[in-house]
Amino acid sequence: MTCRNAVCQACATQWDGIYHCTTCLAARRTASRERGSVAGWLALVAGVLLLLRLTTYVMVWAGALIAGLF
Amino acid sequence: MIRAPLSTTSVLDETAEVVSRAAAPWAAVVAATSLPYRFMQIIFIERVSELGSAATHYGRALGTIANLTILAFIFSRWGRVVFARACRLAEASDATPGREAWGVPLVALVSYLFVSSIAEIVYYASVLTIVGPVLAAMLAGLAIGTAELNTRPGIMAPWRHIARHSKTSKQLMSFVFIFFVGVIVAFINLAATFAAGAWLAHAFAGVSLARWDVLLSIRNKHYIFLLLAGAIAIVEPFWIAAHVVLVRRAGVAETGEDLRIWFRELQSRWAE
């Protein structure tokens, strides 16, 4: 138990072989969600910036290519 | 088991109703945000055609125009998501959506920007092929249709929604063809409207049109591009609404919500 409080068997939930109370489980769940959310945001924003930059390059490349053909 | 068919015509029927409820004032948001992007595209195309084969030597100048075009692109995508939300609200409530249509979740907007950037890259990279632009249009349609389903940030989350709704590829392909024809029809109508306006001004107001005849001539490339931009701006709200309705109906059929709606309708009929 992370909080070191004593709870009965019925109130404890086993997760990865360790018993947790509902408060400790909720805290772990929130922490995991926040980590996932921050990582997701970072990946998404980096992806968007990269793709927008790539779009300008592809646009110029395609424009120059087509202008050269005709 | 009775299921309402997910046909292109039934989706388009519902699209017309949704647009009629959401168009005022939300279609104006799409037009106002989309036109700067189309104008920047026109400037880019005209500079490239002016430079011709020398365009490869003007990479920095073209890059500057492309950067400004991409800024306008971001603005236009925001307008599209706002209208998609307005369509979803109009469909759900059977009423004209109010200010709540502005409240697009940030995660939905950024996820949509992510997928639509890829669609844009596919389009520009394959603009000389036939298959590439069609695939890009289908991807862009699915991206706007599923934009509001994105509730968690991540680069894989939008693709899961798109993959789940990709079984509607038959309808998506039909939409590409229908809206392509729609743009041509809107183009002809716009050209006819301008021609009629010029003729009326000359015939009834006695306005000298020597200069306007040159500007509004089909030999003027700039005029043709502007007509095309106008035609796309006219068709775009219908295109967005069609994909929102398609994704919503496909999702409803998947979750069994269609059967629940059908059962409720039957119950209300019996009650009458």
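Residues numbered from 1 in each chain as written. Chains lettered and ligands numbered in written order. Predicted model: local features only at pLDDT ≥ 70, side-chain atom pairs only at ≥ 80, totals over all residues.

Peer 1: How would you summarise the overall build of chain B if you had to cite specific residues and measurements?
Peer 2: Along its length, chain B carries nine helices and zero strands. Reading the helices (α) and strands (β) of chain B from amino to carboxyl end gives α-α-α-α-α-α-α-α-α. Taken along the three principal axes of its C-alpha coordinates, chain B extends 70 × 50 × 35 Å. Taking all 272 residues of chain B together, 36% fall into the buried category. (Helix = DSSP H or I, 4+ residues; strand = E, 2+ residues; numbered from the N terminus. Buried ≥ 20, exposed ≤ 12 C-beta atoms within 10 Å, placed from the backbone.)

Peer 1: Requested: an account of the packing of helix α1 (residues 8–51) of chain B against helix α2 (residues 59–93) of chain B, with residues and values cited.
Peer 2: Residue and element names in this part refer to chain B. Taken N-terminus to C-terminus, the directions of α1 and α2 make an angle of 165 degrees; their axes are 8 Å apart at the nearest point. Taken together, the axes of α1 and α2 are roughly antiparallel relative to one another. As for how α1 packs across α2, the hand of that crossing is left-handed. Of the residues assigned to the contact of α1 with α2, the class counts are 26 nonpolar, six polar and four charged. (Axes fitted to C-alpha atoms, helices over the stretch in contact; angles between N-to-C directions. Parallel < 35°, antiparallel > 145°, perpendicular 65-115°, else oblique. Left-handed = near helix turned anticlockwise from the far one by under 90°. Nonpolar A, V, L, I, M, F, W, Y, C, P; charged D, E, K, R; others polar.)

Peer 1: Account for the interface of chain A and chain B, with residues named and values stated.
Peer 2: Facing 22 residues of chain A, the contacting portion of chain B comprises 31 residues. Across the side of chain A that touches chain B, the residue classes break down as 15 nonpolar, seven polar and no charged. (Contact = placed C-beta atoms within 7 Å.)

Peer 1: Talk me through unusual backbone geometry; I want residue IDs and the actual numbers.
Peer 2: With an omega of 5 degrees, the peptide bond running from A24(B) to P25(B) counts as cis. Topologically, P25(B) is positioned in helix α1.

Peer 1: Tell me what's going on with the confidence of the model for chain B, and back it up with residues and numbers.
Peer 2: Averaged over all residues, the pLDDT of chain B is 89; the fraction at 70 or higher stands at 92%. Confidence estimates for the predicted assembly give a pTM of 0.82 and an ipTM of 0.84. (pLDDT = per-residue confidence, 0-100.)

Peer 1: Explain the environment of A23(B) to me, using residue names and the numbers behind them.
Peer 2: Residues and elements named next belong to chain B. Among the secondary structure elements, A23 is positioned in helix α1. The class for A23 is partly exposed, based on 19 C-beta atoms found within 10 Å. A C-alpha to C-alpha distance of 27 Å links A23 and Y223, two positions 200 residues apart in sequence.

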